[in-house]
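Residues per chain, in single letters:
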Amino acid sequence: MPTVVYVKPDGTRQEVHLESGTTVMQGAVDNMVEGILGDCGGCCSCATCHVYVDEAWVDKVGKPDDVERDMLEFVINPKETSRLSCQIVVSDELDGLVVHLPESQY
Ligand code: FES
């Protein structure tokens, strides 16, 4: 089971084991990771699941598609590494993925 590491703005890390095929957003909601709300249920229309992908994982996670890129314009403090976590599907290839939670979501 792949592990995703959620890092809060204060540096606190929460490691969660997730089934392949679930999303980083759903994994956070199911495991009560603060800072990710997922208000729209994952249909890429709320941007309350914004995360910063750790630099070491950016290439593996890949780029947002056009719909996600449009939604990312609504987040506070977007960065090059910004992604909507409902659009990141967990897989064995992403085992150990580290995402940082934005200060603005606390
Ligand atoms: Fe709404 Fe990701 S959960 S955009």
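Here's what I pulled together on the structure shown here. (Residues numbered from 1 in each chain as written. Predicted model: local features only at pLDDT ≥ 70, side-chain atom pairs only at ≥ 80, totals over all residues. Heavy atoms only, no water.)

Per the secondary structure count, the protein chain includes 3 helices and 5 strands. In the protein chain, the succession of α and β elements from N to C terminus is β-β-α-β-α-α-β-β. Rg of the C-alpha trace for the protein chain: 12 Å, near the compact-globule value of 13 Å for 106 residues, within the 12% margin. Over its C-alpha atoms, taken along the principal directions, the protein chain stretches across nearly 30 × 25 × 25 Å. Across the 106 residues that make up the protein chain, the buried fraction comes to 44%. Look at the contacts in the protein chain between residues 6 or more apart in sequence, and 64% of them connect residues 24 or more apart. Only carbon and sulfur atoms are counted for the fraction: they give 48% of the accessible area of the protein chain, which is about 5,800 Å². Here the protein chain carries 7 positive and 19 negative side-chain charges, and the mean point of each set is 5 Å from the other. (Helix = DSSP H or I, 4+ residues; strand = E, 2+ residues; numbered from the N terminus. Rg over C-alpha atoms; globule rule 2.2 N^0.38 Å. Buried < 20%, exposed > 50% of the residue type's maximum accessible area, 1.4 Å probe, protein only. Contact = heavy atoms within 4.5 Å. Areas by Shrake-Rupley, 256 points an atom, 1.4 Å probe, with all protein chains shown as cover. Lys, Arg positive; Asp, Glu negative; His and termini not counted. Charge placed at Lys NZ, Arg CZ, Asp CG, Glu CD.)

In total, this model carries 2 salt bridges according to the counting rule given. A salt bridge links glutamate 34 to lysine 8; the shortest N-O distance between them is 4.0 Å. With glutamate 34 in the loop between helix 1 (24–30) and strand 3 (50–53) and lysine 8 in the loop between strand 1 (3–7) and strand 2 (13–17), this residue pair connects regions lying 26 residues apart in the sequence. (Salt bridge = Lys/Arg side-chain N within 4 Å of Asp/Glu carboxyl O.)

Here we come to the nonpolar core. Judged by nonpolar contacts, the single largest core of 30 residues is most densely connected at Val4, Tyr6, Val24, Ile36, Leu84, Ile88 and Leu97. Within the residue set of this core, elements represented by two or more residues are strand 1, helix 1, strand 3, helix 3 (66–72) and strand 5 (97–100). The element contributing the most residues to this core is strand 1, with 4 residues. (Core = buried A, V, L, I, M, F, W, Y, C linked by side-chain atoms within 4.5 Å.)

Within the structure shown, the criterion is met by 0 aromatic pairs. Sitting over the ring of tyrosine 52, lysine 79 keeps its end group 4.3 Å from the ring centre. (Phe/Tyr/Trp six-rings, centres within 6.5 Å; stacked < 30°, edge-to-face > 60°. Lys NZ or Arg CZ within 6 Å of the ring centre and 35° of its normal.)

In this structure, the largest pocket spans a volume of roughly 230 Å³. Contributing elements (two or more residues each) for the lining of the largest pocket: helix 2 (58–61), helix 3 and strand 4 (82–84). Grouping the constituent residues of the lining of the largest pocket by class yields 6 nonpolar, 3 polar and 5 charged. (1 Å grid on protein atoms, 1.4 Å probe; cavity = no way out; pocket = protein on both sides within 12 Å on 5 of 7 lines; lining within 4 Å. Points joined across faces, edges and corners; volume = space filled by probe spheres on them. Nonpolar A, V, L, I, M, F, W, Y, C, P; charged D, E, K, R; others polar.)

Function cannot be read off these values alone, since they describe shape.
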